Amino acid sequence: MAQRRPAFDRGDVAASPLVQEAARILCEEAVLDYRAAKLKAAQRLGLGGNTPLPDNASIQAAVIGYQRLFGGREYAEQLRRLRSTAVQAMRLLAEFQPRLSGAAVSGAITAAHRVQLHVFADKPEALDLFFEHRRIPYRQDDRVYRYSSGREESVPLLRFEAGEIGVDVAMFGEDDLRRAPLSPNDGLPAKRLALAEAEALAKMEVDAILGGSEG
């Protein structure tokens, strides 16, 4: 485990010790599950099992604040690499109307994060054929997404490596282009950036990432 950081308290970061500890766990221990990080943080702080857990949006904001403060330029440069890789992958997958989603959009990344893309086609196998024809190695998986109706749907997932950056491509039906699943971080429809928006985000300089809003 990385050396324990001191408490951090900035204007853009919630001051709750539980929020701070959960963000610390996510950033230093490469944990991806926000709930698991919150429960682990509560245990470390000696809080009872009935302690109310903070919402995921607060944790996400704290992760960004923590990374800006302690990750510094290394964090910002990794975020730029993720976004640049996302743009390249979106150009490759242009025929599938790709959208960038997840932590590369918010900026709440850790060393464990991969690029998250949503693509759209009537036949899920179209994506497999696309990669096979180009002889790009990939792995098949699936991921469950939740919608505002309360319904959960399993979506085919294709994973590949672009150098040192991992890319996850979730294959949705064409009708799902305007029906975004909920973000697990704030419970709102997930942000989905088209190529032009992702290109603009990828141009953000290190200093802007460390001092400005991630949107």
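That block above? That's the structure.
An account of the accompanying structure is given in this report.

Thresholds applied
- Once a new chain begins, its residue numbering starts again from 1 and follows that chain's sequence as written.
- Local features are withheld for residues below a pLDDT of 70 in this predicted model, meaning they are given only at 70 or higher, and side-chain atom pairs are given and counted only at 80 or more; totals for whole chains, interfaces and linings count all residues.
- As a rule here, side-chain values come from all non-hydrogen atoms in the structure, and water together with hydrogens is ignored.
- We call a set of buried Ala, Val, Leu, Ile, Met, Phe, Trp, Tyr and Cys residues a nonpolar core when their side-chain atoms join them within 4.5 Å.
- Exposure classes here rest on a 1.4 Å probe applied to the protein chains alone. A residue is buried below 20% of its type maximum, exposed above 50%, and partly exposed in between.
- Counting from the N terminus, the helices are DSSP H or I runs at least four residues long and the strands are E runs at least two residues long.
- Any two residues whose heavy atoms approach within 4.5 Å are treated as being in contact.
- A helix is expected to span 1.5 Å for every residue after the first.
- The angle between axes fitted to the seven residues ending at a residue and the seven residues starting there is what we call the bend at that residue.
- For this analysis, a polar contact is any N or O atom pair within 3.5 Å, provided that within protein one partner can donate a hydrogen and the other can accept it, and provided that sequence-adjacent residues contribute only side-chain to side-chain pairs.
- What makes a salt bridge here is a side-chain nitrogen of Lys or Arg within 4 Å of a carboxyl oxygen of Asp or Glu, nothing more.
- In this analysis, strands are considered paired if DSSP registers two or more bridges between them.
- Note on definitions: angles span 0 to 180 degrees between N-to-C directions of axes, and those axes are lines fitted to C-alpha atoms, for helices only across the stretch in contact.

### What to know about the nonpolar core
So, point 1. L93, L100 and L127 are the most contacted members of the largest nonpolar core, which totals 54 residues.
So, point 2. A per-element tally of this core places helix 3 (residues 56–92) first, with 13 residues.
So, point 3. With sequence-adjacent residues up to four places away left out, L93 is seen in contact with P98, L117, V119, L127, F130, F131 and V169.
So, point 4. Membership of the second largest hydrophobic core comes to eight residues, among which are F120, Y147, V155 and L157.

### Examining helix 3
Note that an α-helix has 3.6 residues per turn; residues three or four places apart therefore point the same way.
So, point 1. Over its 37 residues, helix 3 runs only 32 Å from end to end, short of the ideal 54 Å by more than 12%, given 1.5 Å per residue.
So, point 2. Residue G71 marks the point of greatest curvature in helix 3, where the axis turns by about 120°.
So, point 3. The distance from a side-chain oxygen at the start of helix 3 to the backbone nitrogen of A57 is 3.1 Å, and the residue carrying that oxygen is D55.

### Some words on the pattern of salt bridges
So, point 1. Counting across every chain of the model gives 16 salt bridges.
So, point 2. With its nearest N and O atoms 3.3 Å apart, the salt bridge here joins R44 to E21. Placement of R44 in helix 2 (residues 34–44) and of E21 in helix 1 (residues 17–28) is noted, with a sequence separation of 23 residues between them.
So, point 3. Judged by its relative accessible area of 1%, E21 falls in the buried class.
So, point 4. A salt bridge links E199 to R91; the nearest nitrogen and oxygen atoms lie 2.9 Å apart. Remark: R91 occurs in helix 3 and E199 occurs in helix 6 (residues 195–202); sequence separation between them is 108 residues.
So, point 5. Linked by salt bridges that have partners in common, R114, R139, D141, R143, R159, E161 and D168 make up one network.

### Overview of the pairing of strand 3 (residues 139–146)
So, point 1. Here eight bridges tie strand 3 to strand 4 (residues 152–162), and the two strands are oriented antiparallel to one another. Bridging across to strand 4, Y145 finds its partner in E153.
So, point 2. Hairpin geometry of strand 3 and strand 4 is characterised by an intervening segment of five residues between the two adjacent antiparallel strands and by a positive phi of about 95° at G150.

### Quick look at the sheet that holds strand 5 (residues 165–172)
So, point 1. Spatially, five strands are ordered 1-2-5-4-3 in an open sheet, and the strand pairing comes out mixed. Only two strands of the sheet have a single neighbouring strand rather than two, namely strand 1 (99–101) and strand 3. The average undirected angle you get between the axes of adjacent strands in this sheet is 35°.
So, point 2. Of the pairings in the sheet, the one linking strand 4 to strand 5 comprises six bridges and is antiparallel in character. Each bridged residue has a counterpart across the sheet, and for R159 the counterpart in strand 5 is D168.

Keep in mind these numbers describe shape, not what the thing actually does.
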